[in-house]
Amino acid sequence: MKNEIGFIGLGNMGKPMATRLLEAGYQLIVFDNREEAISALVDCGAKSAQSAESLASQTDTILMSLPEPEVVKNVALGENGVISGNKIKTLVDLSTTGPHVAQELAMKLSENGINFVDSPVSGGVAGAKKGTLAVMVSCAKHQVSELREMLQIIGNIFHVGEQPGLGQTMKLANNLLSASALAITSEAIVMGVKAGLDPKIMLDVINAGSGKNTATQDKFPNAVLTRSFDRGFVNSLMYKDVELYLAEAEALKVPTDVAGAVHQLWQTACLEIGPDADFTTIVQCVEKRAGVEIRTKT
């Protein structure tokens, strides 16, 4: 049996990552604000904690996968938070918060003798289930070595730097590209469909040519053409990630012309389709304005 570790946040991404760690032999203590989420992991062999503070008083290493920067800050630093635990030594944050939150967490946790590891992930729910996520670790080299055995259970480890926030910067760049690919693919495929092309044939051609991307290879064939819209990531979270990218790029005085347009389209998706709708539904904003719906002819 491997070491006992903690896991906070058992949502669409957290649950499969925690499950993989359990299946790999780690003794897991879990916490989430939803009792049903905790119960699902307890049924698989995990133990439960009543709060983040309680969890941080039972184990020295905790992984955290949470949806919003403010939630991350509250769970880490707030009342009954990780920072109040009396055993915790290392907190690994798998969430997407932006670099400034990561830097704040690192500074405040270090005052209590807690190491903070900035380690966002990418690859979606499918990658979390398969253990093929890109794990973007930013911490001291010796910490990467210490965490490697555990983190490689959830994906491929990339040591992107030693300063807190560099993992977040890498994640924001990645997610801007993902968001942009889905947005522009929506416009391109809708244009072709309105002109009379079969969207399945369009995707076949694009994926054999120079236009292929994550949207044409996965999201459109599996979630848009099928009208299932079920990739497990919602509009509000993609909107948040693009917004975080914009804030960082503007702080660095980097142009954001394309990113700004992508941000505007996701804002429209949140308003018209809904913040909790799957992010592949962004295509419906384009379909609505074009007066067509993407469906294969075969």
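The preceding data block contains the structure.
All values derive from a computational prediction rather than experimental measurement.

S.K.: Kindly report on the packing of helix α8 (residues 166-195) against helix α10 (residues 214-224), identifying the contributing residues and their values.
M.R.: Their axes nearest at 9 Å, the elements α8 and α10 cross at an angle of 70°. Considering their axes alone, α8 and α10 lie roughly perpendicular with respect to each other. Of α10, the residues touching α8 (which contributes S178, A181, L182, T185, S186 and I189) are T214, A215, T216, K219 and F220.

S.K.: Describe in detail the packing of aromatic side chains, supporting the description with residues and values.
M.R.: One pass over the full model with this rule turns up one aromatic pair. Pairing F233 with F279 gives two aromatic rings, centres 5.4 Å apart and planes at 80°, and the pair type is edge-to-face. Here F233 is found in the loop between α10 and α11 (235-251), whereas its partner F279 is found in the loop between α12 (257-272) and α13 (282-290), with 46 residues between them in sequence. Residue classification places F279 among the buried positions, given a relative accessible area of 5%.

S.K.: I'd love a proper account of a nonpolar patch on the surface, names of residues and values included.
M.R.: On the surface, a cluster of nonpolar side chains totalling about 320 Å² of accessible area is made up of F158, V160, L166 and M170. Listing elements by their share of the nonpolar patch, those giving two or more residues are β9 (155-161) and α8. Relative to the helices and strands, V160 is located in strand β9.

S.K.: Talk me through the pairing of strand β1 (residues 4-8); I want residue IDs and the actual numbers.
M.R.: The element β1 is extensively covered by neighbouring structure, given that four of its five residues are classed as buried. Crossover β1 to strand β2 (residues 27-31) through helix α1 (residues 14-23) is right-handed.

S.K.: Hey, could you go over the pattern of salt bridges for me, with residue numbers and the actual values?
M.R.: Applying the stated criterion to the full structure yields 14 salt bridges. Note that K240 is salt-bridged to D241, the shortest N-O span being 2.9 Å. Summarising the burial analysis for this pair, K240 and D241 share the class buried. Salt bridges sharing common partners tie together E70, K73, E104 and K108.

S.K.: Describe the side chain of T185, with residues and values.
M.R.: Inspection of the secondary structure puts T185 in helix α8. On the basis of relative accessible area, T185 is assigned to the buried category, the value being 4%. Setting aside anything within four residues of it in sequence, one finds T185 in contact with N213, A215, T216 and F220.

S.K.: Which residues make up the environment of C270, and what values go with them?
M.R.: Summarising the element assignment, C270 is placed in helix α12. Relative accessible area serves as the criterion here: at 15%, C270 is assigned to the buried category. Residues C270 and K130 lie 140 residues apart in sequence; the distance between their C-alpha atoms is 29 Å. Once you skip the residues sitting within four places of it in the chain, C270 turns out to touch N235, S236, Y239 and P275.

S.K.: Can you tell me about the environment of T256, naming the residues and giving the values?
M.R.: Secondary-structure assignment places T256 in the loop between α11 and α12. Exposure remark for T256: the relative accessible area of 17% places this residue in the buried category. Along the primary structure T256 and L246 are separated by 10 residues, whereas in three dimensions their C-alpha atoms are 6.8 Å apart. Ignoring any residue separated from it by four or fewer positions in sequence, one finds T256 in contact with L246, A249 and E250.

S.K.: Run through α10, naming residues and quoting values.
M.R.: Looking at α10, one finds that the buried residues are A215, T216, K219, F220, A223 and V224. Within α10, the buried residues cover an arc of 130° as seen down the axis, which keeps them to one side. In this structure, the buried residues of α10 make contact with α8, α9 (199-208) and α13. With a side-chain oxygen positioned 2.7 Å from the backbone nitrogen of A215, the residue opening α10 is N213.

Conventions we followed
- Residues numbered from 1 in each chain as written.
- Predicted model: local features only at pLDDT ≥ 70, side-chain atom pairs only at ≥ 80, totals over all residues.
- Heavy atoms only, no water.
- Axes fitted to C-alpha atoms, helices over the stretch in contact; angles between N-to-C directions.
- Helix = DSSP H or I, 4+ residues; strand = E, 2+ residues; numbered from the N terminus.
- Parallel < 35°, antiparallel > 145°, perpendicular 65-115°, else oblique.
- Contact = heavy atoms within 4.5 Å.
- Phe/Tyr/Trp six-rings, centres within 6.5 Å; stacked < 30°, edge-to-face > 60°.
- Buried < 20%, exposed > 50% of the residue type's maximum accessible area, 1.4 Å probe, protein only.
- Patch = residues over 30% accessible without salt bridge, like charges linked within 9 Å, V, L, I, M, F, W, Y side chains within 5 Å.
- Areas by Shrake-Rupley, 256 points an atom, 1.4 Å probe, with all protein chains shown as cover.
- Salt bridge = Lys/Arg side-chain N within 4 Å of Asp/Glu carboxyl O.
- Right-handed = clockwise from strand over helix to strand, strands pointing away.
- Arc of directions from axis to C-beta.
- Polar contact = N/O pair within 3.5 Å; in protein donor to acceptor, adjacent residues only side chain to side chain.

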